[in-house]
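# Overview (structure and organization)
The residues making up each chain are set out below.
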Amino acid sequence: MALPAIAGAAAQLPTLPTLPSTGQIGWTGGTGPAGAIPPGDTVPAAGAANGTQSFGQTLTKALDSLQGAQANADRLAVSAATGDLTNVHDYMIAATEASLATELTVAVRNKAVESFNQIMNMGV
Amino acid sequence: MLFPTFQTASSGLGVFRTWMDAVSDNMANLDTVRPTSQAAFQARFVVAQAIGGGQEAMTGGPAGAAVTGISFGDAAGRLVHDPTNPLADAQGMVRYPDVDMGDQMTQLMIAQRGYEANLSVIDRAKDAYQQALSIGRG
Amino acid sequence: MIDSTGSAIYAALNGLAARQRVIANNVANVETPGYIAGRVTFEDSLRAAIADGDTGATSVSTVSSTDPVNVNGNNVSLDNEVVSLTDTDLRYQLMVQALNQKFGLLRTAIGGGA
């Protein structure tokens, strides 16, 4: 249901900050799970500033990066449990990232639902 | 290794503890008299070496120090003229160990400082890691 | 518990708690003649269990230390025990944090409106 009013509603969403890519954090690999950590996707700023991406695409990207951040934190947690993690702060940073990404996604979802409800309640 | 600094500091503690043990052994035997037919009490010296190199330490590899052996001092000792000693030989000479108390006390102080320095490393590292554990909390 | 990561963390918590108890026992017996220090191992078992995909199968075992004994027959080294205790303590805190973080994610998703 692509009502033109949605563009206006999307412009009222808070500007999403850019999450740092996890690939830039200096995890040396240690003897933990094999394979390098895939860099997490950065969440592009939503709203009028980035008109080329639809809102749905933005939301999907945010959710994907959440998956990546959570998987990353899980991997490092397991490596810390067996005592293989070399840098403690790597896990703490990844865990914080995952928490923030979750909160962000939840906030975006809430705002989207709120906007949708507002639109649905408008008299036709 | 999750906290490599602790292993390193612990190896340092081991080396200085062994050193202090050796010095206490020497000091306990300052007056151990032997007849001239036997070797004198030989002072103990601790031989220590570094584990690994600088590169491995930075990436969490083996680091620290280890005792690789004990070497012994002069077996001839000091010949002292003491005819009243039951161990004295025909000329009245006995062997005293070639251990100098002043030198041993100095070594003891150095070993103690080294031991305390390693303890302080453990303490500071523990504080640092605890700070890391509070990343992202509130 | 939650997922395989959660159960790995739980297994580590059990292992570390057992290690702490054994260290306390060692320290209490530092002057007991003939006492041999105990060592808790669970990391290798945990690694194997993770590789197998069944973290519930981790076993925590206590073995006797092979350190040299002193004149009393006692082989507890106070330095090693204290360092080991500090290490275990911090790792326990880290594991608790990890578990809190996992529960927190769920809570955020459930709570929604925060």
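The rules behind each value
- Residues numbered from 1 in each chain as written.
- Chains lettered and ligands numbered in written order.
- Predicted model: local features only at pLDDT ≥ 70, side-chain atom pairs only at ≥ 80, totals over all residues.
- pLDDT = per-residue confidence, 0-100.
- Helix = DSSP H or I, 4+ residues; strand = E, 2+ residues; numbered from the N terminus.
- Expected span 1.5 Å × (residues − 1).
- Buried ≥ 20, exposed ≤ 12 C-beta atoms within 10 Å, placed from the backbone.
- Contact = placed C-beta atoms within 7 Å.
- Pairing = 2+ DSSP bridges.

On to the confidence of the model for chain C, then. For chain C, per-residue confidence averages 88 on the pLDDT scale, and residues scoring 70 or more make up 96% of the total. Confidence estimates for the predicted assembly give a pTM of 0.73 and an ipTM of 0.84.

This part is about helix H2 (residues 55-81) of chain A. For H2(A), with 27 residues, the first-to-last C-alpha span of 39 Å sits near the 39 Å given by 1.5 Å per residue. Following H2(A) by one or two positions, Gly83(A) adopts a phi angle in the positive range, close to 80°.

As a further point, take the environment of Gly73(C). Residue and element names in this part refer to chain C. Along the polypeptide, Gly-73 turns up in the loop between strand E2 (61-64) and helix H3 (78-111). Judged by C-beta crowding, with 11 C-beta atoms within 10 Å, Gly-73 ranks as exposed. Considered as a pair, Gly-73 and Ala-49 are 24 residues apart in the sequence and their alpha carbons are 37 Å apart. Not counting residues up to four positions away in its chain, the partners in contact with Gly-73 are Pro-33 and Gly-34.

All names here are of chain B. One open sheet accounts for 3 strands, arranged E1-E5-E4; its pairing is antiparallel. Edge strands, defined here as strands with exactly one partner in the open sheet, are strand E1 (34-35) and strand E4 (78-81). Here 2 bridges tie E1 to strand E5 (residues 93-96), and the two strands are oriented antiparallel to one another. Each bridged residue has a counterpart across the sheet, and for Pro-35 the counterpart in E5 is Val-94.

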